[in-house]
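Each chain is listed here by its residues.
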Amino acid sequence: MRIDAVDVVVTSPGRNFVTLRLTTSDGVVGLGDATLNGRELAVASYLRDHVAPLLVGRDAHNIEDTWQYLYRGAYWRRGPVTMAAIAAVDMALWDIKAKVAGLPLYQLLGGASRTGALAYGHASGRDIPELLDSVREHLALGYRAIRVQTGIPGLDSVYGVAASSAGGGERYDYEPARRSAQGTPVRPVEEVWDTRAYLRHVPTVFEAVRSEFGPELPLLHDAHHRLTPNQAAQLGRSLEPYKLFWLEDCTPAENQEGLRRVRAQTTTPLAIGEVFNSVYDYQTLITEQLIDYVRSSVTHSGGITALRKLMDFAAIYQIKSGFHGPTDVSPVGMAAALHLDVAIHNFGIQEYMKHNAQTLDLFRTSYSFVDGLLDPGEAPGLGVDLDLEAARAFEYTPAYLPVNRLLDGTMHDW
Ligand code: KDG
Ligand code: MG
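Residues numbered from 1 in each chain as written. Chains lettered and ligands numbered in written order. Predicted model: local features only at pLDDT ≥ 70, side-chain atom pairs only at ≥ 80, totals over all residues. Heavy atoms only, no water.

## Details of the coordination of the magnesium ion (ligand 2)
- Surrounding the magnesium ion (ligand 2) are the protein donor atoms Asp222 (OD), Glu248 (OE) and Glu274 (OE), which sit 2.0 to 2.2 Å from the metal.
- Of note, the magnesium ion (ligand 2) draws all its donor residues from one chain, in the sequence arrangement D-x25-E-x25-E. Placement of Asp222 in strand β7 (residues 219-222) and of Glu248 in strand β8 (residues 246-248) is noted, with a sequence separation of 26 residues between them.
- The exposure class of Asp222 is buried, given its relative accessible area of 2%.
- Glu248 sits in the buried class, given a relative accessible area of 0%. (Donors = N, O, S within 2.8 Å, 3.2 Å for Na, K, Ca; no water. Helix = DSSP H or I, 4+ residues; strand = E, 2+ residues; numbered from the N terminus. Buried < 20%, exposed > 50% of the residue type's maximum accessible area, 1.4 Å probe, protein only.)

## A few points about unusual backbone geometry
- Although it is not a glycine, Arg78 adopts a positive phi angle of roughly 65°.
- Along the chain, Arg78 falls in the loop between α2 (63-73) and α3 (80-101).
- Despite not being glycine, Asp249 shows a phi value in the positive range, around 45°.
- For Asp249, a relative accessible area of 1% puts it in the buried group.

## Focus on the site of ligand 1
- Taken together, the neighbourhood of ligand 1 is formed by 15 residues, with Asn37, Tyr159, Glu274, Asp328 and Glu351 sitting nearest.
- Here Asn37 contributes a side-chain N or O atom positioned 2.8 Å from an oxygen atom of ligand 1.
- Between Tyr159 and ligand 1, the recorded distance is 2.4 Å, taken from a side-chain N or O atom to an oxygen atom.
- Coverage of ligand 1 by the protein amounts to 93% of the 330 Å² it exposes when considered alone.
- Cavity membership is defined here by more than half of the atoms lying within 2 Å of grid points; on that basis ligand 1 lies in the largest pocket.
- Class assignment for the residues of the shell around ligand 1 results in 3 nonpolar, 4 polar and 8 charged. (Near = heavy atom within 4 Å. Polar contact = N/O pair within 3.5 Å; in protein donor to acceptor, adjacent residues only side chain to side chain. Areas by Shrake-Rupley, 256 points an atom, 1.4 Å probe, with all protein chains shown as cover. 1 Å grid on protein atoms, 1.4 Å probe; cavity = no way out; pocket = protein on both sides within 12 Å on 5 of 7 lines; lining within 4 Å. Sits in = over half its atoms within 2 Å of the grid points. Nonpolar A, V, L, I, M, F, W, Y, C, P; charged D, E, K, R; others polar.)

## So, the sheet that holds strand β1 (residues 3-11)
- An order of β1-β2-β3 is seen for the 3 strands of this open sheet, with the pairing classed as antiparallel. Lying at the two open borders of the sheet, with one neighbouring strand each, are β1 and β3 (29-33). Shown here is a sheet whose adjacent strand axes are inclined to one another by a mean of 20°, direction ignored.
- As paired strands, β1 and strand β2 (residues 17-24) are joined by 8 bridges and run antiparallel to one another. Across the sheet, residue Val9 finds its bridge partner in β2, namely Thr19.
- Contacts from helix α1 (residues 40-55) reach β1 and β2 within the one sheet, and its direction differs from that of β1 by about 175°. (Pairing = 2+ DSSP bridges. Axes fitted to C-alpha atoms, helices over the stretch in contact; angles between N-to-C directions. Contact = heavy atoms within 4.5 Å.)

## Digging into the pattern of salt bridges
- Applying the stated rule across the entire model yields 16 salt bridges.
- Ionic pairing is found between Asp95 and Lys99, a salt bridge with its closest N-O pair at 3.4 Å. With a gap of 4 residues between them, Asp95 and Lys99 both fall in helix α3, about one helical turn apart.
- Looking at Lys99, the relative accessible area reads 26%, which means it is partly exposed.
- The closest approach of N and O atoms between Arg147 and Asp222, which form a salt bridge, is 3.1 Å. Taken together, the residues Arg147 in strand β5 (residues 146-150) and Asp222 in strand β7 connect sequence positions 75 residues apart.
- Here the salt bridges share partners, and the residues they tie into one network are Glu248, Glu274, Arg295 and Glu351. (Salt bridge = Lys/Arg side-chain N within 4 Å of Asp/Glu carboxyl O.)

Take a look at the structure:
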């Protein structure tokens with residue numbers, strides 16, 4: 001069974017998605033997610049210009065060999081653009097293989113290790129009362145684990161907080177890349193960040209949430225890479241009384257050794273890796289057991305083949321998964337994560353936000369969210385179809401994540 005056609009579909013039903021669509025000589029179609037928020041066209045070009053010509057005529061069954069061919073054959077290894085492109089090919093080939101077998105993909109990954117994947121949702125509010133309402137809404141939707149983010153007194157807007165003033169009044173419980181008003185050049189919005197105010201405020205937020213919802217509810221928090229290792233250690237310590245499920249991206253982890261200091265100072269569980277793209281980014285973090293959860297997405301880390309190996313490596317050190325699942329991972333990437341979630345033994349939790357209605361009209365999914373658990377469904381393959389004609393009607397629209405400046409105007413690391 002040969003790969004006959006390679007199509008790259010860029011669509012923007014509210015936000016941009018890049019999808020790879022492979023068609024085999026037998027007419028089997030496989031989909032892969034290649035969405036890299038804010039740099040989508042770079043991956044689309046990588047796939048169209050450099051990968052598609054190599055794929056036509058290859059045996060669609062040889063997934064590992066194709067992975068190695070694309071990774072080693074490029075000479076230039078790793079990096080988010082390369083690894084998102086390889087991930088899309090890998091996902092599409094697994095989709096094809098499972099469709100040919102007539103099985104949902106998780107069956108080819110060893111079958112189900114659990115009845116569903118525990119999901120966490122994003123609750124947020126500009127202040128504590130608004131946050132508590134948002135937690136209640138999430139509980140009513142069925143969530144059994146909740147990420148908690150709030151505005152910081154004195155700051156106009158804070159990344160990750162829905163309905164913040166910079167969000168234009170529209171409520172987003174995920175972190176949106178922002179489009180510009182018509183006719184103005186597209187640039188990242190610049191937000192002001194105050195670390196001391198943040199470190200003072202966050203423990204009061206968790207105090208309020210725990211006293212309202214009790215000790216059982218799993219609570220998570222994302223620091224979005226904004227702290228130094230020493231500040232991260234302070235935050236981890238100050239949150240210890242509230243027993244978080246995890247503290248995410250407490251410090252920029254390109255400096256893996258920096259996590260030694262955080263780890264030595266706090267028992268708050270740590271999650272890292274949504275901006276990583278290979279196992280090498282985790283080498284020190286995993287072998288020295290400096291983290292508790294791997295945050296990679298299938299989409300940004302070389303696909304199912306690579307992430308499964310990474311999770312096997314992590315399992316040796318009792319480190320679990322907590323795959324990245326924002327709405328800038330497309331429904332195809334989300335489906336791939338769910339098949340892996342139910343199959344691997346060291347699953348921890350899955351981030352999940354529902355895509356908007358337009359997106360779910362284009363991408364027809366067979367996964368479901370019931371009583372706090374995600375289920376990949378029983379459709380053969382990944383279980384996602386893409387309405388090609390409808391997708392082409394939504395033109396690519398540039399949009400970027402905000403950048404942060406400190407009070408003195410210097411660019412903030414994150
Ligand atoms: O594209 C960036 C988003 O995916 C990221 O900001 C989301 O931090 C995030 C999270 O934990 O989902
Ligand atoms: Mg995050």
